[in-house]
Amino acid sequence: MYADVLDTLSHNDTSYKIQDHLPRVVVVGDQSAGKTSVLEMLIRARIFPRGHGEMMTRSPVQVTLGEGSRHTAQFKGTDRVYDLSSEAQLYELRKDVERRMRKNLKDGETISSEVISLTVKGPGLHRMVLVDLPGIISTETSGMKPRTKEKLTEMCSKFMKNPNAIILCIQDGSIDAERSNVTNIVQAHDPKGKRTIFVLTKVDLAEQNMANPSRVKKILEGKLFPMKALGYYAVVTGRGPQDDTVESIGAYEEDFFSRSKLFRSGAFRASQMSTSNLSLAVSECFWKMVKDSVEQQADNFRAMRYNLEAEWRNTFAGIREMDRNDLYEKAKDEILDDIACLHKITPLEWESLLQDAIWEKISPTIVDDIYLNAAECDNASNFNTKVDIALKDWTDDLLPQISIDVGWHTLFKQLETIIFSKAKKEKSTDCDSALIPLL
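Below or above, wherever it landed, is the structure these notes cover.

### A short note on the packing of helix H4 (residues 148–160) against helix H5 (residues 182–189)
Here is step 1 of the chain: For the pair H4 and H5, interaxial distance at closest approach is 10 Å and the crossing angle is 35°. Handedness of the crossing formed by H4 with H5: right-handed. On H5, the residues touching Thr153, Ser157 and Met160 of H4 are Ile185, Val186 and His189.
Here is step 2 of the chain: When its residues are assigned to classes, the contact of H4 with H5 shows three nonpolar, three polar and no charged.

### A word on unusual backbone geometry
Here is step 1 of the chain: Even without being glycine, Asp107 reaches a positive phi, approximately 55°.
Here is step 2 of the chain: Within the secondary structure, Asp107 is located in the loop between helix H3 (87–104) and strand E5 (116–122).
Here is step 3 of the chain: Look at Ser274: it is not a glycine, yet its phi comes out positive at around 90°.
Here is step 4 of the chain: As for its position among the elements, Ser274 is in the loop between helix H9 (261–264) and helix H10 (275–315).
Here is step 5 of the chain: The exposure class of Ser274 is buried, given its relative accessible area of 13%.

### A closer look at the pairing of strand E2 (residues 61–67)
Here is step 1 of the chain: Counted residue by residue, E2 has six buried out of seven residues, so it is predominantly covered.
Here is step 2 of the chain: As judged from the seven bridges shared by E2 and E5, these two strands associate in the parallel manner. Pairing of Val63 across the sheet is with Leu118, part of E5.
Here is step 3 of the chain: Both E2 and strand E6 (residues 128–132) contribute to a ladder of five bridges, which runs antiparallel. Considered in E6, the bridge of Gln62 is made with Val131.

Cut-offs used in this document
Here the residue index of a chain counts from 1 through its sequence in written order. Two thresholds apply to this predicted model, a pLDDT of at least 70 for residue-level local features and 80 or more for giving and counting side-chain atom pairs, whereas whole-chain, interface and lining totals are computed over all residues. With hydrogens and water excluded, all non-hydrogen atoms of the structure serve as input to the side-chain values. The angle between two axes is taken between their N-to-C directions and runs from 0 to 180 degrees, where each axis is a line fitted to C-alpha atoms and a helix contributes only its stretch in contact. Going along the chain from the N terminus, every DSSP run of H or I of four or more residues is numbered as a helix, and every run of E of two or more is numbered as a strand. Left-handed describes a crossing in which the near helix is turned anticlockwise from the far one by less than a right angle; the clockwise case is right-handed. The contact definition used throughout considers only heavy atoms, calling two residues in contact when any of these lie within 4.5 Å. Residues are grouped as follows: Ala, Val, Leu, Ile, Met, Phe, Trp, Tyr, Cys and Pro are nonpolar; Asp, Glu, Lys and Arg are charged; every other residue, Gly included, is polar. Summary of the burial criterion: residues with accessible area below 20% of their type's maximum are buried, those above 50% are exposed, and those between are partly exposed, where the area comes from a 1.4 Å probe applied to protein chains only. Two strands pair if DSSP finds at least two bridges between them.

Take a look at the structure:
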């Protein structure tokens, strides 16, 4: 429902930039930091294109999570529902995501700012809206469009500058902290860390390769990077093989933390580890931000309403104010008067209007689907038989409902004609000149 509100606001009010106002969880990180893998663990399905050492996320992907009896995914504006418990349909979904990303790339661009939206439902999923962004890069390689690095930074900044966006900052734990690009960008948009959650990925590799375990402890205490965060989490989102399932990765993560030397040494607390704790924390933070932002927007709309009402009173001081009930009764009486005018249309005129409307509706079916289809017969007798059968079936099954729909449409069309005709006549008499453009 929350994502539907976002889409409705975007569609009906083009001046309302929803990425600048309403909460979302924006997932940012360096390329190959495990950003998309973290998102897949929150979704509990591997729905994104896979690859090693190359850019796979090429445009923003908005994922709306919600409760459901079945684990499914569906793209916005489509009817197809993917069953995420089926490996075959998961493979098709990944290919569809990749196809949509490449379709968004215009004029040979490496990345696109067009958002791909889909809804994922399943048992136990925390309700929230996540946006996966392409990974930050240090160097433009051959084949990349010029300024790709700058455009990636600009795209991430566009989503992070929303003061109500929750920033999920993903840092690769298997590389030196000094090689991080994303932490400086996040710090620039949230210097006090009031809406940032830091996630250290690949902690299993960090434990294997790190000579100084105290660095992990400093990272998860917020003492190594200059950026600040609401919380710091350590996760394991894979073992390497691309065909690992979410369940096998989760089991591996649980097994790793149960025997982790870093955990036993006190590098992080139990509440800081695992994607399940991370998911709960992100969900709680998201809905707190939703509540705060909705209250803020409600205050803004109340102030706007007060200003508009004051402007109306000052501009049209001579017009008596009517409350909601007065306006309702006035509109009801006017509509009833307009409906009464329908009796001026004679039966012959109604018959002619209905005949024309019905023929316009059914002529394509009669001509194209019945007569032209039957014309393929080799003799007149077969033609007549085929036409009679097709007409009878169509008349019995579809014509009654078509006639009802056409009748209602014709009735409303005539009422609409009467209302607009009346409105035009009243423009130069009863209507205030300031209101004429609204008619």
